[in-house]
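Overview (structure and organization)
Chain by chain, the residues run as shown.
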Protein chains: 2
Amino acid sequence: MAPITPHHALSELLTPELGAMLAEGRMDETKATLLELMIPELADVLASLPDEQRSLAVSVLPPRRVGRTIMRLEADQRESLLKDLPNDKLASVLNEMNPDDRTELLEELPDELLERSMTLLRPDERRVTEFNLAYPEESVGRLMTSDFVAIRPDWTVAQTIEHIRKHGRDAETIDTLYVVDDEGMLLDDIRIRQLILSAPTQSIASLMDQTAVSLKAGDDREEAVRVMNRYDRPVLPVTDAGRLVGIITFDDVADVAAEETTEDIQKMGGMEALDEPYMSVSLIQLFRKRGIWLSVLFIGEMLTATAMAYFQVEIEHAAVLAIFLPLIISSGGNSGSQASTLIIRAMATREVRLGDWFKVFRRELACGLLLGVLLGLIGLLRIHAWEWLGWGNYTSYYHLVALAVSISLIGVVLWGTIMGAMLPFLLRAMRLDPATISAPFIATFVDVSGLTIYFTIALVILRGTLL
Amino acid sequence: MAPITPHHALSELLTPELGAMLAEGRMDETKATLLELMIPELADVLASLPDEQRSLAVSVLPPRRVGRTIMRLEADQRESLLKDLPNDKLASVLNEMNPDDRTELLEELPDELLERSMTLLRPDERRVTEFNLAYPEESVGRLMTSDFVAIRPDWTVAQTIEHIRKHGRDAETIDTLYVVDDEGMLLDDIRIRQLILSAPTQSIASLMDQTAVSLKAGDDREEAVRVMNRYDRPVLPVTDAGRLVGIITFDDVADVAAEETTEDIQKMGGMEALDEPYMSVSLIQLFRKRGIWLSVLFIGEMLTATAMAYFQVEIEHAAVLAIFLPLIISSGGNSGSQASTLIIRAMATREVRLGDWFKVFRRELACGLLLGVLLGLIGLLRIHAWEWLGWGNYTSYYHLVALAVSISLIGVVLWGTIMGAMLPFLLRAMRLDPATISAPFIATFVDVSGLTIYFTIALVILRGTLL
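Residues numbered from 1 in each chain as written. Chains lettered and ligands numbered in written order. Predicted model: local features only at pLDDT ≥ 70, side-chain atom pairs only at ≥ 80, totals over all residues. Heavy atoms only, no water.

**A short note on a negative patch on the surface**
A cluster of acidic side chains, namely A:Glu351, B:Glu74, B:Asp76 and B:Glu276, defines a negative patch on the protein surface. Along the chain, B:Glu74 falls in the loop between helix H5 (63-69) and helix H6 (75-84). Overall, B:Glu74 belongs to the partly exposed group, its relative accessible area being 37%. (Patch = residues over 30% accessible without salt bridge, like charges linked within 9 Å, V, L, I, M, F, W, Y side chains within 5 Å. Areas by Shrake-Rupley, 256 points an atom, 1.4 Å probe, with all protein chains shown as cover. Salt bridge = Lys/Arg side-chain N within 4 Å of Asp/Glu carboxyl O. Lys, Arg positive; Asp, Glu negative; His and termini not counted. Charge placed at Lys NZ, Arg CZ, Asp CG, Glu CD. Helix = DSSP H or I, 4+ residues; strand = E, 2+ residues; numbered from the N terminus. Buried < 20%, exposed > 50% of the residue type's maximum accessible area, 1.4 Å probe, protein only.)

Listed below in C-alpha cells is the structure:
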C-alpha cells in the first residue's frame, strides 16, 4: 500500500456518510471508520459534524485519540464538546493529553469548566499543569511539556538505552536526551544518533560537547521562535534557575511564529490584533478591535479639515487645486505604506536592527527622491496631456498648476517615504512595537502634512496668477 | 559548565579582537577562537568582518565548518568569499556541504562562479546537485537533501541499527528512517524511537503502520509548509513518481514559511515582493519594485482628478465640501485596509476558504455598518462642536453639511469594508494571489468611489441651499 498523501476533501466526502452512521446508531462502524483516520483528518471530520453528532462520535473514540485531536477543533467546538463529556471520559481524555496541549486547552476554558477539569486530573498531571500555568501568559513556560527523557553523565550508552526503553514510551521525543546533574541542573543535550553511533560501553560524559542551547521558562514565547530559527533545533530544553523543567518542540514554535506574524499583520493593517481566528471572534469584538483604531485615525485625519480650513480662500479662488488634492496626499500615503511595511517586516525577521537606522535613512532618502521624481514626471505629463487633448480645464495657468503638482509630489512622496521608514525605528527605540505604525497610520500622518506641503508650494508658485 | 545560552552581542565583542589577530597574522589563535564558536555565532562574527579579513579567517577553518556557516552570510558576502577561495579549498567546502544548502547556494550564484563550482564537485555530489537543480525554482525538489537513511521491510531491528551505524554518520537526520522496496518506492517511515523500544529480532515490516506523509518533488514549496504544519513532523520524505528521492527538514520549511510571509506582507504594503533581504537588495531594484506599483496606484488615483473635475462647480460654490474630502475618503481607505488585511491573512493561514465568502460578506456587512455609524456619529459631533465653539466656518447650513458628511461616512466606510473583504475572494476565485489586494490598492479604489459617493450625497442634501 502506498503511503497516504494528505487529502483535504476527505472530510467533505466522509462527513455525510458518518452523519448517517451516527443517526442510525451504527456505532461500531463509526468507530472503525474514525480509527482509520490520521489525527488531522479526524479533526477535520469532527469539526464538520454538528455539536451533538460530534459528542456522540467522540464517545466511541479512545481517550488518547480524543486528546490528540481536540486542540485542532475551534475554541467553541472544543468547549461544547468538553461540556458534553461525562466525568470519567473527560478525566481520561485530560489525563492522556500531552501536558503542553493540555495547558493550552485549559488556559482558554471558562472558569467553571476549568475547575471541573482540574479536579479530574490525576495528582501528578495536575501538578504539572499547575506548574505550567504558574508562568505568565505568552511565556515559554506555558508552551513546554514535561515529557522529556533526562539522563545522567555517568551512565554508559548501554545503560542509557535501557533507561529509554523503560521510560521513553510516553516521552514527546526521544530524539534528543537531556543530561542533568543530581540537582536537575541542565548540563548538555545528546542526540539519540550519538548513542546509536557510539560503543555501548562509552559514558554519556564522553559524548557531551557543551553545546546545548536552552530557553528560560519565563522568556517571552517569541524568544523561542528566534532561538529555534537561529540554531535549527527541532526541540529546545527549558530551564528555570538552571534546572531543566521542560522541552518545547518545533510544531508549537511554528504555531507561535504564525500567531505572532498574524498579530503583526493585523496591526500593520490598522487595527488591534484579534488574538483569535477571524471566524471565531465575535462580531462585537471584531467591531471593538477595529473601531478603536479607526476612530483614532479618524480623529487624527480631522486635522486635514483644520488644515484645509486655512486654505479655504485659496480653494475658492482656485478650485482646480482641490482636484489634485486626493492624488497628491494618497501618493504620500502609498509611498509611506511601502516604506513602513518593508522596515517593520525587516525588523521582525531581524534583518534590520535599531543601529541600522542611518543606513536605512540614506537608502530611503535616495529611493524616496527617485520615486517622487517618477510620480512628479507622470503628473506633469498627465496635466499637459489632458490640456493638449482638450480634456482638462485646468485654467490658462495650467503649466503652473502642473509645476505645483509635480513639485508637491516630489516633496510629499519623499516625506511619506522617510516617515514610513523612520517611525518604526522611533517606536523601537521607545521600546514600543514597530508594527503599530500601520499603513493607515502613515497615510493619515502624511495626509495632514501632505496637504500643507501642497498648498504651500501652490501658494508660492501661483501667487500673482491664480492666487 | 552551564549550557551556552545564545548571545547576540558576542559578534560585537569578538570582531575587533579577531580583526587584530588577523591583522597581526596570529592565525593559530584565530583558528582556536573560531573553532570554539557555534555555527550561528561564527556566522555573525564572519559577517561583521571586512571582505579580505573574512576570506583570511575562512582559510584556517575546516571545510565542513565553512560549508555549514556560509548560507548564513549575506548573498554578496557569500559571493565574494567564494570568489576568493582557491580551487582546492572551494572544492572541499562544496563537497562537504549538505546537498540542500549547496543547491540553495548554487542557484543564486552568477553563471561563471556556478560553472567553476560545478566542475569542482565530486561526480556523486554533482549528480545530486544536478538532480535537485532539475526541479523548478521554488519547488520542494530544490529544498530537499539526499542524506537520508533508507531501510528495507524484511530487515530486523538489529540489522537496521547495524546499517545505521555504518551509513548514518552523514545523514541529515536518523530520527526518522524510510522504508523502501527493491525499486526505491517509499513504503513507510519509522521513527528511531520505535527501533529503540522494540526487540532486536522484530522485523521492520512488523513496525510499519502505513502512516507516512510525503511530498512530491515537483510540489510548490508552500505545500511543504502546509503539510508540515498539518502533520507536525520535523522531517518529510519527498518522492518522485513514488520513488523516495530526498527529505526536507523543519528548519528549511521554517525559512520558506518566513520568506513566503515576507512576500505576502510586502505585497500587502503595496509593492512587488523584494525576494531578497531589504539590506542586500540594490537601490535600483528597490526603486523598480516599489516604483512599478506606486505608478500603477498613481495612475489609478488619477481617476479622482477626473471625478473631481465633474464636481468642480460644486466645489467652487461650496468650498466647505472640499474641506471634509480627505477625511471621508481616507476613512474608506482605512476601513478597507482593515478588512482586506484580516481576510488575506486568514486565507494565508487557511482559517478562511473560498467557500466562506458569503459568511464573511455577512459579517463584514454588519461590522462595516457599525463602523460607519461610529465614524458618522463622531463626524456629526465634530462639525456641530466646532460651530458651537466658534472654531468652524461651515456656512449657515452647517447642520446640512454635517448630515452630508455623516451619511457619506456611513456609505464610504461600509463600501470600503465590503470591497476590502470581498476583493481577496475575487482574486482567489480567479486563481490570483489575494495578497495583491494591498492596503494602498484598496485606498485608491475607495478614494475614487468614495468621493463620488460623497459629492452625490452632498448634491442631494444641499441642493437648493449651498448648491
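**A few points about the interface of chain B and chain A**
Contacts between the two partners involve 131 residues from chain B, matched on the other side by 130 residues from chain A. When chain B packs against chain A, close to 11600 Å² is buried across both sides, 64% of that on carbon and sulfur atoms. Contact with chain A buries surface across chain B, with B:Tyr278, B:Phe298 and B:Arg363 losing the most and accounting together for 7% of the total. Here chain B and chain A share 10 salt bridges between them. A:Arg191 is the salt-bridge partner of B:Asp175, the closest N and O atoms lying 3.1 Å from each other. Our count for the chain B to chain A interface comes out at 40 residue pairs in polar contact (both at pLDDT 80 or more). The biggest single contributor to the side of chain B that touches chain A is helix H17 (residues 283-310) of chain B, with 18 residues. Looking at the side of chain B that touches chain A, its residues break down into 72 nonpolar, 33 polar and 26 charged. (Contact = heavy atoms within 4.5 Å. Buried area = accessible area lost by both parts, 1.4 Å probe. Polar contact = N/O pair within 3.5 Å; in protein donor to acceptor, adjacent residues only side chain to side chain. Nonpolar A, V, L, I, M, F, W, Y, C, P; charged D, E, K, R; others polar.)

**A word on the confidence of the model for chain A**
Residues and elements named next belong to chain A. Overall, the prediction assigns chain A a mean pLDDT of 89, with 98% of residues at 70 or greater. Across chain A, the secondary-structure element scoring lowest on mean pLDDT is helix H18 (residues 312-317), at 81, and the one scoring highest is strand E4 (residues 215-216), at 96. Low pLDDT, under 50, characterises residues 1-7; the stretch is placed with 20 contacts to residues that sit more than four places away or in other chains. (pLDDT = per-residue confidence, 0-100.)

**Structural notes on the sheet that holds strand E2 (residues 176-180) of chain B**
Residue and element names in this part refer to chain B. Read from one edge to the other, the open sheet built from three strands follows the order E1-E2-E3, with strand pairing classed as mixed. Of all strands in the sheet, those with a lone pairing partner are strand E1 (150-151) and strand E3 (186-191), marking the two edges. Here E1 pairs with E2 via two bridges, running parallel. Along E2, the bridge assignment pairs Ala-150 with Tyr-178. (Pairing = 2+ DSSP bridges.)

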